[in-house]
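# Coordinates in review
In case you want the letters, here they are:
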Amino acid sequence: MADQKEYLKDPKLIETHYGEEYEHYYNAIVPPVFLNSLNVFPTIDDYYDSDKTDRNVYCYGRVQNPTVRILEDKIAALEHGERAFVFSSGMAAATTAVMSVCRTGSHIVCVRNVYGPLKTFLTQYCTEHFQMRITFVKGDTLEEFEEAVTDDTDLVVLESPSSIMMTLQDIRGVSAIAGTHQARVYIDNSYCTPVFQNPLDLGVDLVMHTMSKYIGGHSDIIGGVLVAKDKELIEKLSLMRELYGGILGPMEAWLGIRGIRTLEVRLRQHEKTAMAVAAYLEKHPQVKRVHYPGLSSFPQHDLMQKQQRGNCGLMSFEPDCSVEQAKRFCQSLSVFKIGVSWGGFESLVTMPFARASEEETAWLGGAQNLIRIHCGLEGEENLIADLEQAFAAL
Ligand SMILES: *Cc1c(COP(=O)(O)O)cnc(C)c1O
């Protein structure tokens, strides 16, 4: 595999060829799904003497699997990390990250707009069972982090852009602040994918993705990933994944590899479509506000340009109507289907705050009639025509 180093220079070569060892499987261009739970050894001593952390030693499927490892090597390379670990869901990755870094009594600084179930894990599990203390920050100024992060802080949790309000954090700035207090920085990079943002290059310690979104890309798998550079952290994650037992299954890993082949071309298309849709919405008289970092009117557009190379198909907007009318708007769409999640081939619509309390909604900077859409691959004309007919029906 003399050319593997060459592949590392171009993400498109990583997506298509890097990490694959054709000669190990009859030169098939697509790796097999290694559906085995264990691997055998010629002698008892060979078993005991094998280095189980070696890239090429496979022993038991909860620890390592060849199909899984190809996917991990690709994601680690795309994220400029040393090692990636894939999990059975994004939440399995996120909770393993928290439990690998934190201990009883840890202080965590977390942005308010972070993924809801992770917030629930922190506030309802980590506080109750491990007496951790959580400080929430809005996250749009560095002063806020300077105040919140102290020598007691073990972990700073970011999500930039966040997936409902699309708010950003200054990743390099926050990482520098955390560094002066020896706190680790974790970021959910699912919105950008490694195509549009590489947080490890900006000083972050742990990058998380849900693979259920763009990495899978076809709405057919649930999975998650953590990527790190630091040796000590990698050893810890390796052990914690083995002990918590949340490794991704080989079939899902194989679908993840297939998703990654087209990650770059899909993301470029999602972005192009979303830019057209966001521009359309921004001009629409029945729309009060559009939240999309790609728009030059977006309040954090300058920061976006400093740390991202693009934006995906996800955005939200506030229509100029009541919650009930907004529901009817969603229900009169036909290309956009009503459903949670995003990042697949299909366009989706949801109202994340329709049943949230007014305080909660205000705390997150949202509105109860907020509509979130994911622009899929059905073509911008079809999406705009669909929105147009739904506005007409309002
Ligand atoms: C969906 C999602 C997750 C959780 O991932 P699962 O694979 O569903 O566990 C985490 N973060 C963001 C931003 C998400 O959208």
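Bear in mind that the values here come from a model prediction, so they are computed numbers and not experimental data.

Moving on: the pairing of strand E7 (residues 224–228). When you tally the buried positions in E7, you get five out of five residues, the bulk of the element. Of the two faces of E7, the one lined by Gly224, Leu226 and Ala228 and the one lined by Val225 and Val227 are each fully buried. Taken together, the five bridges between strand E6 (residues 206–210) and E7 define a ladder with antiparallel strand orientation. Directly across from His209, in E7, lies its bridge partner Val225.

This part is about the sheet that holds strand E5 (residues 184–188). Overall, mixed pairing links the seven strands, which are arranged E1-E7-E6-E5-E4-E2-E3 in an open sheet. Of all the strands in the sheet, just strand E1 (83–87) and strand E3 (133–137) have a single pairing partner and so form its edges. Here the strands of the sheet are splayed against their neighbours by 20 degrees on average, with no regard to which way each runs. Contacts from helix H5 (residues 90–101) reach E1, strand E2 (107–111), strand E4 (153–159), E5, E6 and E7 within the one sheet, and its direction differs from that of E6 by about 160 degrees.

In this section: the domain arrangement of the protein. The parts lose accessible area when they come together, and the size of an interface is often stated as this lost area. By domain assignment, the protein separates into domain 1 (2–261) and domain 2 (263–393). Once you take the C-alpha centre of each, domain 1 and domain 2 turn out to be 27 Å apart. The interface of domain 1 with domain 2 comprises 41 residues on the first partner and 40 residues on the second. Its largest share of buried area at the contact with domain 2, domain 1 owes to Met165, Phe196 and Tyr214, together 25% of the area lost on that side. Seen at the junction of domain 1 and domain 2, the total is zero salt bridges. Seen at the junction of domain 1 and domain 2, the total is 20 residue pairs in polar contact (both at pLDDT 80 or more). Elements that contribute at least two residues to the side of domain 1 that touches domain 2 include exactly helix H2 (11–16), helix H9 (193–196), helix H10 (211–215) and helix H12 (250–261).

The rules behind the values
- All residue numbers refer to position in the chain's written sequence, counted from 1.
- With pLDDT at 70 or above as the cut-off, local features in this predicted model cover only qualifying residues; side-chain atom pairs require 80 or more to be listed or tallied, and sums for whole chains, interfaces and linings still use all residues.
- The side-chain figures draw on all heavy atoms in the structure; neither hydrogens nor water molecules are used.
- Only protein chains enter the accessibility calculation, which uses a 1.4 Å probe. A residue is then buried if its area is under 20% of the maximum for its type, exposed if over 50%, and partly exposed in between.
- In this description a helix means any DSSP run of H or I spanning at least four residues, a strand means any run of E spanning at least two, and both kinds are numbered starting from the N terminus.
- Pairing between strands is defined by DSSP: at least two bridges between them are needed.
- Here the axes come from fitting lines to C-alpha atoms, over the contacting stretch only for helices, and the angles between their N-to-C directions go from 0 to 180 degrees.
- The contact definition used throughout considers only heavy atoms, calling two residues in contact when any of these lie within 4.5 Å.
- Domain ranges listed in this record stem from an automatic or a database domain assignment.
- Here the quantity called buried area is the total loss of accessible area, with a 1.4 Å probe, experienced by two parts when brought into contact, counted for both.
- One side-chain nitrogen of Lys or Arg within 4 Å of one carboxyl oxygen of Asp or Glu is enough to make a salt bridge.
- As used in this structure description, the phrase polar contact means that two N or O atoms lie within 3.5 Å; if the pair is within protein, one of them must be able to donate a hydrogen and the other to accept it, and residues adjacent in sequence are counted only when both atoms belong to side chains.

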